[in-house]
Amino acid sequence: MKERKRKISYIKVVYKIFVTTLFAAPLWIFMDCVAMLLSSVCYAFGTVIKQWLFDTITNVVGGKETYQTLILVTFLVVLFQIGNELLNAVCNFTWSPAMKSIEGKLKQKIHKKISRLPGNYFEDVKVLECIEKANMGADKCYGLYNSVATIILFYIPYFLVIGVYLCKLKPMLTLALAFIFVPLIINLFVRQRIFEKQVDETIPLQREKDYYETEIFSREKLKENRLYGSYSFFKKKFISVNQEFCKKKWKAIKETGIIEFVMRLLTLAGYLGVIILLLLSMMDGSISVGAFAAVFSSITTLISFMNDAIGNHLSTLFDNMGPLKKYLEFFELPEEIEKEDEINWEKEIQVRNVSFTFPGAEKKVIDNISFDIHKGETIAIVGENGAGKSTLVRILSGILLPDKGEVCVDGKNLFDVCPESRFNNTSAVFQKFIKYQMNVRENVSISSDEENDMKLADCLEKSEFSMDDRFVEGYNTMLSKEFDGLDLSGGQWQRLALARGLYRVSKFIILDEPTSAIDPIEEGIMYRKFQELIQNKMGVIVTHRLGSTKMADRILVLREGKLVELGTHTELMEKNGYYAILYREQAKWYQN
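As the structure is a prediction and not an experimental result, all values here were calculated from the model.

What is the right way to look at unusual backbone geometry in this model?
Excluding glycine, residues mostly have negative phi values, and the peptide bonds linking residues are mostly trans. One non-glycine residue with positive phi stands out, namely Asp 410, at about 55 degrees. Within the secondary structure, Asp 410 is located in the loop between β4 (404-409) and β5 (412-413). Looking at Asp 410, the relative accessible area reads 26%, which means it is partly exposed. Of note in this structure, Glu 560 is not a glycine but carries a positive phi near 55 degrees.

Pasting the structure below:
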């Protein structure tokens with residue numbers, strides 16, 4: 001993935017994220033916004049109400065008004081406060097369901113986007129980092145909505161009403177209060193720049209840190225970690241990366257802390273200036289005692305709201321700009337082009353001059369390979385580790401797009417059809433298959449929405465998967481220690497993965513070393529059964545055990561990414577080339 005040069009403006013980020021969150025939970029957002037606006041008006045007019053109350057008290061004490069008037073005014077003030085508290089309760093109630101709904105919808109959008117990305121992207125570390133940052137950004141989206149909505153619907157109306165009130169009361173008060181904003185805004189922009197830089201620097205460290213934590217605590221790594229005593233190794237690695245991570249975080253916190261301290265001092269100076277101006281105005285009679293009491297009692301709330309609006313909401317908004325930008329950039333990644341053309345996988349697969357290089361690498365993993373697979377034919381792919389076998393299989397399955405050349409099925413380029421058609425008729429059991437933490441039935445029939453126990457039993461039987469007394473719930477037995485179920489051996493998991501591959505309706509089957517945890521005798525039996533199953537289909541077997549290749553119709557031999565030999569076992573042995581050398585070297589292990 002090339003670096004994106006175009007910068008996304010703050011306004012565009014705010015607009016797009018706000019609209020996204022609005023459509024994610026419109027009802028909750030509407031309720032929250034209305035309650036927030038009404039609450040803002042209540043808070044703002046609270047100062048006016050207080051002046052009315054304090055002036056009434058002064059007039060009652062001076063004999064200008066009756067106690068009945070004071071009781072009525074007090075009742076109205078209390079009623080006003082109750083209404084304000086009820087509005088606050090509504091805001092607090094809508095916060096949690098709105099946040100959960102928005103987070104859920106945005107995660108769904110990310111998952112849908114990931115499913116549309118080309119498989120090659122997942123070989124690029126920059127794309128993986130982009131996905132991770134997008135997930136971080138999704139978690140920040142509600143925070144952006146909340147900050148923007150709070151500023152626009154709560155703080156701005158509040159400050160406007162208070163500003164008009166103070167301007168009519170004493171214009172100089174408005175200017176003094178405006179001065180308090182300046183240091184807070186300067187601090188905000190400085191914080192944003194520092195933290196955006198810090199996010200970009202710490203994301204790779206965070207990924208590395210998470211990896212080491214997984215290695216330390218993963219149950220699957222327990223045996224090897226205990227055997228080799230590698231806990232201390234990973235602990236040192238984790239501590240080293242964590243120290244670097246914390247160092248960069250602390251640097252950002254320290255820099256912003258110093259700047260914030262200076263700005264706070266300036267804000268405090270402005271606050272003291274307002275108090276002094278209030279006292280002088282009351283003493284020269286330009287404002288009433290009630291107005292002084294109302295403004296003085298509200299000044300703490302006013303300053304608190306200023307700090308919260310700028311130091312919290314605006315600050316949080318700008319601090320999160322980095323992840324939010326990455327969230328939007330993630331959705332601009334090119335997707336696989338939707339095409340309506342389909343293929344039926346009826347005749348043959350033609351591989352023509354295919355080459356592939358992993359992102360960031362210089363050497364080709366697959367170098368100008370060409371061959372055919374005909375209907376009813378099984379091809380075995382062999383070669384030493386790193387020869388490109390698994391990469392070639394991923395290209396054949398439509399997961400990786402080759403840099404050069406093409407893979408044609410029945411004359412149509414595999415990557416010129418829609419993904420659904422590309423994968424619909426393909427079944428595979430990969431070397432690194434998934435051990436789903438689900439029950440037996442779900443592990444096997446995951447590719448189908450319909451339950452068919454007869455077909456399930458048939459696939460388990462063909463894969464040599466046996467269920468003993470431990471499977472007390474039959475096909476519903478959970479296969480996960482974490483969920484209080486069974487844990488299978490490596491061989492059992494491979495048989496289950498093979499059953500999953502057989503269960504899927506397909507015309508092209510790939511077995512990428514699915515029997516590495518099974519002994520050679522059982523492997524031979526399984527491959528013979530596989531040959532029976534493939535019959536009118538096309539199949540590919542990747543194996544290190546060359547003895548199993550005899551049953552293949554043809555053998556494709558890879559060496560350093562190149563196709564060096566192609567033929568039957570007999571033909572290749574008679575040729576006495578690279579395959580014959582590999583075969584004889586492996587045969588020595590079984591002769592002594």
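From this point, things continue past the structure.
In this structure, what is going on with the nonpolar core? I would like to understand it.
For soluble globular proteins, nonpolar side chains are generally found buried alongside one another. Val 13, Ile 17, Phe 159, Tyr 327 and Phe 330 are the most contacted members of the largest nonpolar core, which totals 64 residues. Among the elements of the structure, α1 (10-24), α2 (26-61), α3 (67-116), α4 (125-169), α5 (171-217), α7 (231-283), α8 (289-319) and α9 (321-330) are those that each provide at least two residues to this core. Ranked by residues supplied to this core, first place goes to α4 with 20 residues. In this structure, Tyr 327 is in contact with Ile 17, Thr 20, Leu 106, Lys 109, Ile 110, Ala 134, Gly 137, Ala 138 and Cys 141, ignoring residues within four places of it in sequence. Ile 343, Ile 510, Val 540 and Val 542 belong to the second largest nonpolar core, which has 30 residues in total.

Would you mind going over the environment of Asp 367 with me for this structure?
Along the chain, the position of Asp 367 falls in strand β2 (residues 366-374). When the C-alpha positions of Asp 367 and Ser 355 are compared, they lie 4.5 Å apart, and in sequence the two are 12 residues distant. For Asp 367, the residues in contact, after removing those within four places along its chain, are Val 354, Ser 355, Gly 561 and Lys 562.

Got a minute to help me understand the sheet that holds strand β1 (residues 348-356) in this structure?
Hydrogen bonding along the main chain pairs the strands of a sheet, whether they run parallel or antiparallel. Judged by pairing direction, the sheet is antiparallel, and its 4 strands sit side by side in the order β2-β1-β4-β5 without closing on themselves. Each edge of the open sheet is held by one strand with a lone partner, namely β2 and β5. The sheet contact formed by β1 and β2 spans 6 bridges and is antiparallel. Paired with Gln 350 across the bridge in β2 is Asp 372.

Definitions and cut-offs
- Residues numbered from 1 in each chain as written.
- Predicted model: local features only at pLDDT ≥ 70, side-chain atom pairs only at ≥ 80, totals over all residues.
- Heavy atoms only, no water.
- Helix = DSSP H or I, 4+ residues; strand = E, 2+ residues; numbered from the N terminus.
- Buried < 20%, exposed > 50% of the residue type's maximum accessible area, 1.4 Å probe, protein only.
- Core = buried A, V, L, I, M, F, W, Y, C linked by side-chain atoms within 4.5 Å.
- Contact = heavy atoms within 4.5 Å.
- Pairing = 2+ DSSP bridges.

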